[in-house]
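Here's the letter readout for the chains.
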Amino acid sequence: MLDIKFIRENPAAVKKALATRKADADIDGLLALDAARRSAITKAEELKGERNAASKAIGGLMKEGKKAEAETAKEEVRMIGDRITSLDEQVREFDEKILNTLLFIPNLPLAGVPVGESADDNVVVRTWGEVKKFDFKVKPHWDICEALKLVDFERGTKITGTGFPVYTGQGARLQRGLIQFMLDLHTTEHGYTEVEPPFVCNADAMTGTGQLPKFAEDMYYISTDELYPVPTAEVPVTNLYRDEIIEEKLPLKLTAYTPCFRREAGAAGRDTRGLLRLHQFDKVEMVNFVKPEDSEKQHEILVREAEKVLQKLGLHYRVIELCTADIGFSAAKCYDIELWAPGVEKWLEVSSVSNFWDYQARRARIRCRGEDGKPQFLHTLNGSGVALPRLVVALIENNQNADGTVTIPEALRPYVGGLTKLG
RNA sequence: GGAGAGGUGGCAGAGUGGUUUAAUGCGCCGGUCUUGAAAACCGGAGAGCCGCAAGGUUCCGGGGGUUCGAAUCCCUCCCUCUCCGCCA
C-alpha cells in the first residue's frame, strides 16, 4: 500500500510512476476523498473535545446535587453526540473508500528500474555458466520422467486433476533431497532461520502481502473455514510479524519450505505438458525484514543467495531485471533468475527476487524503530530459493546422458542417499 | 464437538459508570552515589490519527449497542486456558 501522505504531496510523480507500469488509478478522486476525510475528522474531534469537557462538568453537577442543571446540560450534550455520530459515520465511510482504493494501487517502481512496455523490455543483468553441448539428441523432461518413472502424470489427474503431478520413486526422493539441500544452504551459509509455517492462511494475511483483494481468482479457497492454501511461503512468513514493531536486530532473515497452490487462472492451456506450469509445486522461499536504508543493498545480497543454489548444482542461468511493465503488483524492483532447459529449449523462471520497499509493511503494519526510537515501516524482501519443478526440469534435461540416465550433481548426492544417477 | 474460566501497557496485575490524563510491581532508559558495578534514591518511558504549531482525539481482544459520560453495563464474534470426547 502506498502512503496516502506521499500521494497527497506528490500526486504528479505518483501518476507518472503508475503510468510506467500500466496501472490506472483515480488519484484525483482519491485525494478528494482524503481531503473530505480529514475535514470530517477535524470537525468530529473538535466536537468530541466539547463533549468530553461537558460530560466532566455534568459529573461535577451530579455530585453537587444540582439535578436540574445537570439535566439541561445532558440535553445539550446529547445533540453534540448526534452530530459526532453522524461525522464518525462519514469518517468511517471515507476510510473504507480510501482503503479500498489504496489496496488496488500497485507499488511504485524504484528509480532506475528500466521503463518498458512488456516483458520484452526486461534486461539481462548477468549470465552464469554456459549452454551445455550434447552429442546425442536431447529429450524433454517429460519423456525422461516417464522413462525413469520419476513422475506419474496420469494418475495425478485421477486423484486431483491436471497440474497436480505425483512424484514417484527416485523422483520423489529428488524432491525431498532438493528441499533439504536448499534449506541447509540458506541456514548454514546465508544466516537464515528456518520456519515451517501453516500451509493455509486467512484473508488478513493474504491482504498483508498483496495477494488479496486484487488477485482472489488466482487463489484456491476453502470456504467452509475461510482459508486460502498458500500460493507462496511469502504469505505466512511475512505475516508472522503483521501488526508488530520488530525489536530484534535487522535484517531478520527467514527461510521456509512450503508447497504452493496456484489456480493459474488466465494461463489455462499454456505449458500444459510436463512440469512447467502446475497448480501445486514445492518451493523454498527466503524472506528478509530490513531497515529501510538497507533494502537496496540487501536485495543484491538476496539475489546472490538464490543464485548460489544454482551454482552449487552447476546449472547455467541468467539474471533478469524486470522492467516497469512486467514487475509484480507489490514489488518496487524485481530480479528473475532463469535456468536454461535444453530439452524444452526455454529459459525457465525459477526465482523471483523482489524488493517490496515499505509496500507490504504498510499493508501488514510491520514496523521497526528508527535512529530516534520512533516506529517506522520497515522494508520487506523475498526471493525464491528456489522453486522446485522448473529446477528439476533444468536439472534433468541438462544432466541427461545418452543411455537415458540422469547424472546427479555432486553437491546434491548426500541429500539423495548417495545416489549418483537417476535410472 | 461438549462444559467451564478468561482476554487490561514489554511482562505480571489492580480497576465493575464520573480527577483513570489506566494504580502498583518487575523489566527498560537517563541521572545521583561509586574506582567500576550492584543496591538505594530521583526522573523518564506506549501506539494511531488530525493539526504549521500549540494542542486535540482515538485505542483496555474485534464489531455493535445503552448513556451526558464505558476498561467497567448489554449483544455478538474471535482467540487463549482447563476438563471431557474424538483423533495423527
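This section reports on the structure supplied with the text. (Residues numbered from 1 in each chain as written. Chains lettered and ligands numbered in written order. Predicted model: local features only at pLDDT ≥ 70, side-chain atom pairs only at ≥ 80, totals over all residues. Heavy atoms only, no water.)

What to know about the side chain of Lys283
The residue Lys283 is located in strand 9 (residues 280-290) in this model. Judged by relative accessible area, which is 4%, Lys283 ranks as buried. A polar side-chain atom of Lys283 sits 2.8 Å from a polar atom in the side chain of Thr232. A distance of 2.7 Å separates the side chain of Lys283 from the side chain of Glu285, its partner in a polar contact. Excluding anything up to four places from it in sequence, Lys283 contacts Thr232, Ala233, Ala256, Tyr257, Thr258, Cys260, Arg262, Ser384, Val386, Ala387 and Leu388. (Helix = DSSP H or I, 4+ residues; strand = E, 2+ residues; numbered from the N terminus. Buried < 20%, exposed > 50% of the residue type's maximum accessible area, 1.4 Å probe, protein only. Polar contact = N/O pair within 3.5 Å; in protein donor to acceptor, adjacent residues only side chain to side chain. Contact = heavy atoms within 4.5 Å.)

Observations concerning the protein's contact with RNA strand B
The environment of RNA strand B is made up of 20 residues, and the closest members are Glu45, Ser55, Val77, Arg78 and Arg367. The contact atoms of RNA strand B, taken as those within 4 Å of the protein, divide so that sugar and phosphate hold 70%. One of the side-chain nitrogen or oxygen atoms of Arg38 is found 2.8 Å away from a phosphate oxygen of RNA strand B. One of the side-chain N or O atoms of Thr42 is found 2.9 Å from a sugar or linking oxygen in RNA strand B. Among the secondary structure elements, those contributing two or more residues to the surface near RNA strand B are helix 3 (27-64), helix 4 (67-102) and strand 13 (366-369). Per-element accounting of the surface near RNA strand B gives the leading share, 13 residues, to helix 3. Of the residues contributing to the surface near RNA strand B, the split by class is five nonpolar, five polar and 10 charged. (Near = heavy atom within 4 Å. Nonpolar A, V, L, I, M, F, W, Y, C, P; charged D, E, K, R; others polar.)

Here we look at the environment of Leu381
Relative to the helices and strands, Leu381 is located in strand 15 (residues 379-387). On the accessibility criterion, Leu381 (0% relative accessible area) is buried. Spatially, the C-alpha atom of Leu381 lies 8.9 Å from that of Ala331, the residues being 50 residues apart in sequence. Apart from residues no more than four positions distant in its own chain, Leu381 is found in contact with Met286, Val287, Asn288, Val290, Ser295, Gln298, His299, Leu302, Ser354, Asn355 and Phe356.

Quick look at the sheet that holds strand 10 (residues 317-321)
On the basis of which strands lie adjacent, the open sheet formed by eight strands has the order 1-10-11-12-15-9-8-4 and mixed pairing. The outermost strands of the open sheet, each flanked by one partner alone, are strand 1 (123-128) and strand 4 (193-195). Averaged over all pairs of adjacent strands, the angle between their axes in this sheet comes to 25 degrees, without regard to strand direction. Taken strand by strand, helix 7 (residues 170-189) contacts strand 4, strand 8 (252-261), strand 9 and strand 15, and its axis lies near 10 degrees from that of strand 9. (Pairing = 2+ DSSP bridges. Axes fitted to C-alpha atoms, helices over the stretch in contact; angles between N-to-C directions.)

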